[in-house]
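What the coordinates show
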Amino acid sequence: MNLQIELLEENSVQRFKIVGEIDAFTAPLLKERLAKSEDVEGMQIELDLSEVGYMDSTGLGVFVGFYKAVKAKGGHVKIVGVNARLKRLFEITGLGEVMDIEVEESGDHDATV
């Protein structure tokens, strides 16, 4: 499965729409695309995972590294569109307590974890 990453900038907020599966094969692409935003001072970033059908620990690692880099520069990362299964993945790793995560409201598109 391919991974698609679209960047929209709106009112000094960078919004990444991520579509597909995040795994060991696609995570390097995601990391590369996000890296372009992590070194900017005070960056406000939103990651939309509403169309992510699968994510493994490699994907979590990308998000953790990105979160740390943005936070170190005084920025903020918000993850939105998280379905129940992805939310559980963030929770069991303890990341749900650290990161700003918004659970998807409309229906559960049950991603495979």
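Being a predicted model, the structure only gives us computed values, none of them experimental.

Some remarks on the overall build of the chain
- Within the chain, the secondary structure is distributed over four helices and five strands.
- The linear arrangement of helices and strands in the chain, starting from the amino end, is β-β-α-β-α-β-α-α-β.
- Taking 113 residues into account, the globule formula puts the C-alpha radius of gyration at 13 Å, and the chain, at 13 Å, falls close to it.
- Taken over the C-alpha atoms alone, the chain extends approximately 35 × 30 × 25 Å along its principal axes.
- Sorting the 113 residues of the chain into buried and exposed places 41% on the buried side.
- The contacts in the chain between residues at least 6 apart in sequence include a share of 67% that link residues at least 24 apart.

Looking at the packing of aromatic side chains
- According to the stated counting rule, one finds one aromatic pair in the structure shown.
- Judged by centre distance (6.5 Å) and plane angle (40°), the rings of Phe-63 and Phe-90 are tilted. In this pair, Phe-63 is assigned in helix α2 (residues 57–72) and Phe-90 in helix α3 (residues 84–92), connecting sequence segments 27 residues apart.
- Residue classification places Phe-63 among the buried residues on the basis of a relative accessible area of 1%.
- When its relative accessible area of 0% is taken as the criterion, Phe-90 is described as buried.

Here we look at the sheet that holds strand β5 (residues 100–103)
- Ordered in space as β1-β2-β3-β4-β5, the five strands form an open sheet in which the pairing is mixed. With partners counted over all chains shown, the strands left at the sheet margins are β1 (3–10) and β5, one partner each. In this sheet, adjacent strand axes meet at a mean angle of 20° when their direction is disregarded.
- Where strand β2 (residues 13–22) meets strand β3 (residues 44–55), nine bridges bridge the pair, whose relative direction is parallel. Bridge pairing in β3 links Glu-21 to Tyr-54.
- Along the sheet face, α2 touches β2, β3 and β4 (76–82) and points at about 175° away from the line of β3.
- α3 contacts β3, β4 and β5 of the sheet and is inclined by roughly 110° relative to β3.

What counts, and at which threshold
Residues numbered from 1 in each chain as written. Predicted model: local features only at pLDDT ≥ 70, side-chain atom pairs only at ≥ 80, totals over all residues. Heavy atoms only, no water. Helix = DSSP H or I, 4+ residues; strand = E, 2+ residues; numbered from the N terminus. Rg over C-alpha atoms; globule rule 2.2 N^0.38 Å. Buried < 20%, exposed > 50% of the residue type's maximum accessible area, 1.4 Å probe, protein only. Contact = heavy atoms within 4.5 Å. Phe/Tyr/Trp six-rings, centres within 6.5 Å; stacked < 30°, edge-to-face > 60°. Pairing = 2+ DSSP bridges. Axes fitted to C-alpha atoms, helices over the stretch in contact; angles between N-to-C directions.

None of the figures reported here should be taken as evidence of function without further support.
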